[in-house]
Amino acid sequence: MSVATITCGYYCVTVLSFLGMNNATIEVFDWFSAKPKILQAGNIMARIIDDIGTYDSEKEKGQATTGIDFYMKENGVSKQVAFQQLREIAEN
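Residues numbered from 1 in each chain as written. Predicted model: local features only at pLDDT ≥ 70, side-chain atom pairs only at ≥ 80, totals over all residues. Heavy atoms only, no water.

Section: the packing of helix α5 (residues 67-75) against helix α6 (residues 79-91)
Move 1: At a minimum axis distance of 10 Å, the contact between α5 and α6 shows a crossing angle of 105 degrees. Taken together, the axes of α5 and α6 are roughly perpendicular relative to one another. Across from Ile 68, Tyr 71 and Met 72 in α5, the residues of α6 making contact are Lys 79, Ala 82, Phe 83, Gln 85, Leu 86 and Ile 89.
Move 2: By residue class, the composition of the contact of α5 with α6 is seven nonpolar, one polar and one charged. (Axes fitted to C-alpha atoms, helices over the stretch in contact; angles between N-to-C directions. Helix = DSSP H or I, 4+ residues; strand = E, 2+ residues; numbered from the N terminus. Parallel < 35°, antiparallel > 145°, perpendicular 65-115°, else oblique. Contact = heavy atoms within 4.5 Å. Nonpolar A, V, L, I, M, F, W, Y, C, P; charged D, E, K, R; others polar.)

Put into structure tokens, the structure is as follows:
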């Protein structure tokens, strides 16, 4: 999950939100740089929701392996069960 969360873009959107609200201070950027747990959790949620939402289109485009595929293999579950379990992870 560590590589997947880096590619998610959630951190960038969050930083840009602060810039857009004119609340970007050095303290805010220091806080972001420390990767607080609330941002980590939001990033994981965004990554899981994105993976579920784009799974079929990515497979149609020929992407060999996705995070969903890895989860299915690692846990020995079907796509539907993987979606359900990952949604539960994202919600909690």
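So, the packing of aromatic side chains
Move 1: One pass over the full model with this rule turns up two aromatic pairs.
Move 2: Note on Tyr 55 and Phe 83: the rings are 5.8 Å apart at their centroids and 85 degrees apart in plane angle, and the pair reads as edge-to-face. Here the residue Tyr 55 occupies a position in helix α4 (residues 37-60), and Phe 83 occupies one in helix α6, the gap between them amounting to 28 residues. Both residues of the pair, Tyr 55 and Phe 83, count as buried. (Phe/Tyr/Trp six-rings, centres within 6.5 Å; stacked < 30°, edge-to-face > 60°. Buried < 20%, exposed > 50% of the residue type's maximum accessible area, 1.4 Å probe, protein only.)

Focus on α6
Move 1: In a regular helix each residue adds 1.5 Å, so 13 residues correspond to 18 Å; α6 covers 18 Å between its end C-alpha atoms and thus fits that length.
Move 2: When we look at burial in α6, the residues that qualify are Ala 82, Phe 83, Leu 86 and Ala 90. Seen end-on, α6 carries its buried residues on one side only, within an arc spanning 100 degrees. Along α6, exposed side chains directed more than 90 degrees from the buried face belong to Gln 80 and Glu 91.
Move 3: Packing partners of the buried residues in α6 comprise α4 and α5. (Expected span 1.5 Å × (residues − 1). Arc of directions from axis to C-beta.)

Topic: the confidence of the model for the chain
Move 1: Chain-level statistics for the chain give a pLDDT mean of 84 and a share of 91% at 70 or above.
Move 2: Here helix α1 (residues 2-6) stands out as the element of the chain with the lowest mean pLDDT, 52, in contrast to α6, whose mean of 93 is the highest. (pLDDT = per-residue confidence, 0-100.)

Examining α5
Along an α-helix, residues three or four apart share an orientation, since each turn contains 3.6 residues.
Move 1: Among the residues of α5, Ile 68, Asp 69, Tyr 71 and Met 72 are the ones counted as buried. Buried residues in α5, looked at end-on, bunch into an arc of 160 degrees, giving them a common side. Among the exposed residues of α5, those oriented more than 90 degrees off its buried face are Phe 70, Lys 73 and Glu 74.
Move 2: The elements touched by buried residues of α5 are α4 and α6.

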